[in-house]
Amino acid sequence: MKKQVFKFLAKVNKFMLPSFTKKGLDISKASKIQLAVIGWRAFVTQNSLN
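Definitions and cut-offs
- Residues numbered from 1 in each chain as written.
- Predicted model: local features only at pLDDT ≥ 70, side-chain atom pairs only at ≥ 80, totals over all residues.
- Heavy atoms only, no water.
- Helix = DSSP H or I, 4+ residues; strand = E, 2+ residues; numbered from the N terminus.
- Buried < 20%, exposed > 50% of the residue type's maximum accessible area, 1.4 Å probe, protein only.
- Areas by Shrake-Rupley, 256 points an atom, 1.4 Å probe, with all protein chains shown as cover.
- Phe/Tyr/Trp six-rings, centres within 6.5 Å; stacked < 30°, edge-to-face > 60°.

Scanning the protein from terminus to terminus reveals 3 helices and 0 strands. In the protein, the succession of α and β elements from N to C terminus is α-α-α. Expressed as a percentage of the 50 residues in the protein, the buried residues total 16%. Counting only carbon and sulfur atoms, one obtains 65% of the accessible surface of the protein, whose full area is about 4,300 Å².

Going through the model one piece at a time under the given rule, you end up with 2 aromatic pairs. Seen in terms of ring centroids, Phe6 and Phe43 are 5.7 Å apart; in terms of plane orientation they differ by 80°. Their pairing is edge-to-face. With Phe6 in helix H1 (residues 2-16) and Phe43 in helix H3 (residues 32-49), this pair connects stretches of sequence that are 37 residues apart. When the centroid spacing of 5.9 Å and the interplanar angle of 35° are considered together, the rings of Trp40 and Phe43 count as tilted.

Okay, here's the thing in structure tokens:
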């Protein structure tokens, strides 16, 4: 059940949240909001794979 929720969230993230790697964002110059988005996407991805 938990894995299915995170897989759904991963699909939603793909369409709703921006991809900073495609934009060539430098992590050291990222704002707090951009870092939060990166962290959220990483958290969801990690939990959907486990």
